[in-house]
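Remarks on the overall topology
Next come the chains, spelled out residue by residue.
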Amino acid sequence: MKKKQAIVIGTGGHSRPVLSILANVNTHNIFGILDLSLHEPGEQILGIPVIGSIDKIKELDNNIFDIFLAIGDNSLRRSMFEEIKSYGFSFPNLISRQAVVDNNAVIGEANVFCPLVFVGPSSFIGNNNLINTGAIIEHEVHIKDHCHFGPSSLVAGRSRVNNECFIGANATIIDKITVIEKVIVGAGSTVIKNISQSGTYVGSPAKLKLTK
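What you see is a predicted model, and the numbers here were worked out from it, not measured in a lab.

Calculation notes
- Numbering of residues begins from 1 in every chain and follows the order in which that chain's sequence is written.
- The model is predicted, so local features are restricted to residues of pLDDT at least 70 and side-chain atom pairs to those at 80 or more, both for listing and for counting; the totals for chains, interfaces and linings are taken over all residues.
- Neither water nor hydrogens contribute to the side-chain values; these are computed over all heavy atoms in the structure.
- We call two strands paired when DSSP finds no fewer than two bridges between them.
- Counting from the N terminus, the helices are the DSSP runs of H or I reaching at least four residues and the strands are the DSSP runs of E reaching at least two.
- We define a nonpolar core as any set of buried Ala, Val, Leu, Ile, Met, Phe, Trp, Tyr and Cys residues linked to one another through side-chain atoms lying within 4.5 Å.
- Residue exposure (1.4 Å probe, protein chains only): buried if accessible area is under 20% of the type maximum, exposed if over 50%, otherwise partly exposed.
- The directions from the helix axis to the C-beta atoms are what the arc is built from.
- Between Lys or Arg on one side and Asp or Glu on the other, a salt bridge is scored when a side-chain nitrogen of the former is within 4 Å of a carboxyl oxygen of the latter.
- Aromatic contacts are taken between Phe, Tyr and Trp rings whose centres are within 6.5 Å, Trp giving its six-membered ring; a plane angle under 30 degrees counts as stacked, one over 60 as edge-to-face, and the others as tilted.

1. Focus: the sheet that holds strand β13 (residues 136-137)
Reading across the sheet, the six strands line up as β7-β10-β13-β16-β19-β22 and stay open at both edges, with parallel pairing between neighbours. In this open sheet, the two edge strands, each paired with only one partner strand, are β7 (100-101) and β22 (190-191). Direction of pairing for strand β16 (residues 154-155) relative to strand β19 (residues 172-173): parallel, over a ladder of two bridges. By the bridge assignment for β19, L154 is matched with T172.

2. A short note on the nonpolar core
If you look at the biggest cluster of nonpolar residues, it comprises 44 residues, and the most contacted ones within it are I137 and F149. Counting residues per element, the ones that place at least two in this core are β1 (4-9), α1 (15-25), β4 (48-53), β9 (112-113), β12 (130-131) and β21 (183-185). Looking at this core, the element that brings in the most residues is α1, giving five residues. Listed in part, the 16 residues of the second largest apolar core include L34, L60, M80 and I84.

3. Description of α1
Those residues of α1 not exposed but buried are S15, V18, L19, I21, L22 and V25. One side of α1 holds all its buried residues, which, seen down the axis, span an arc of 165°. A positive phi of about 60° marks N26, the residue just after α1.

4. Regarding the sheet that holds strand β11 (residues 124-125)
Strand order in this open sheet of five strands is β8-β11-β14-β17-β20, and the pairing throughout is parallel. The open sheet has two edge strands with one neighbour each: β8 (106-107) and β20 (178-179).

5. Here we look at the pattern of salt bridges
Here the structure, examined in full by the defined rule, presents six salt bridges. Between R78 and E82 there is a salt bridge; the shortest N-O distance is 3.1 Å. Pair noted here: R78 and E82 are both in helix α2 (residues 74-85), with a separation of four residues, about one helical turn. With a relative accessible area of 26%, R78 lands in the partly exposed category. For E109, the salt bridge identified is with K85, shortest N-O distance 2.8 Å. Here E109, found in the loop between β8 and β9, pairs with K85, found in helix α2; they are 24 residues apart in sequence, far enough to count as distant.

6. With respect to the pairing of β4
Pairing geometry for strand β2 (residues 28-35) and β4, over three bridges, is parallel. Bridging from a neighbouring strand, I33 pairs with V50 of β4.

7. Considering the packing of aromatic side chains
Two aromatic rings are characterised by how far apart their centres lie and by the angle between their planes. Counted according to the given criterion, the structure contains two aromatic pairs. With a centroid separation of 5.0 Å and 75° between ring planes, the pair formed by F31 and F65 is classed as edge-to-face. With a gap of 34 residues between them, F31 in strand β2 and F65 in strand β5 (residues 65-69) connect regions that are remote in the sequence. Judged by relative accessible area, which is 39%, F31 ranks as partly exposed.

Purely geometric stuff here, so don't read any function into it on its own.
Rendered as structure tokens:
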């Protein structure tokens, strides 16, 4: 069966792990990268050419190309996902060979699972989530859409994380916790109570960071 072509969206830091995982799993031919703004002629990342700005997406055939988003910012990744999906493109999940996603987990589309990620049984992962190196999503956890889990973050069993949340590196959400949408949990913080107000939470236990 002929491989489809892969287009990676974004030239920032997350383009490197996405390109590396794509090369390692070898499910697609990596055609090129599209920048979210202007790019330098001849620019390459890990040997893959930057072929244009995001506007070029409208010139591509959605029967030939699959899309992989390499955008860390949740809001921007969401807007790109929704716009490009409206053009009829597919967004396969990208799962590192070094990640473990349980066969009984349910996952949507456009998710990226970096090396050493663990997703436990009977968990649910929605769409367009970025799950970074070494993150743990335990059994029966429910993750909605457009979230970002930092390296070595942990969501314990039966917790729920809603849309567009960012869980920082080494942050922990203990079991049976619900986190409302658009919450940031700072690096190394520990969430031990439900979060029902959007905002930034830091510390152990994590508390809402008040703005001046």
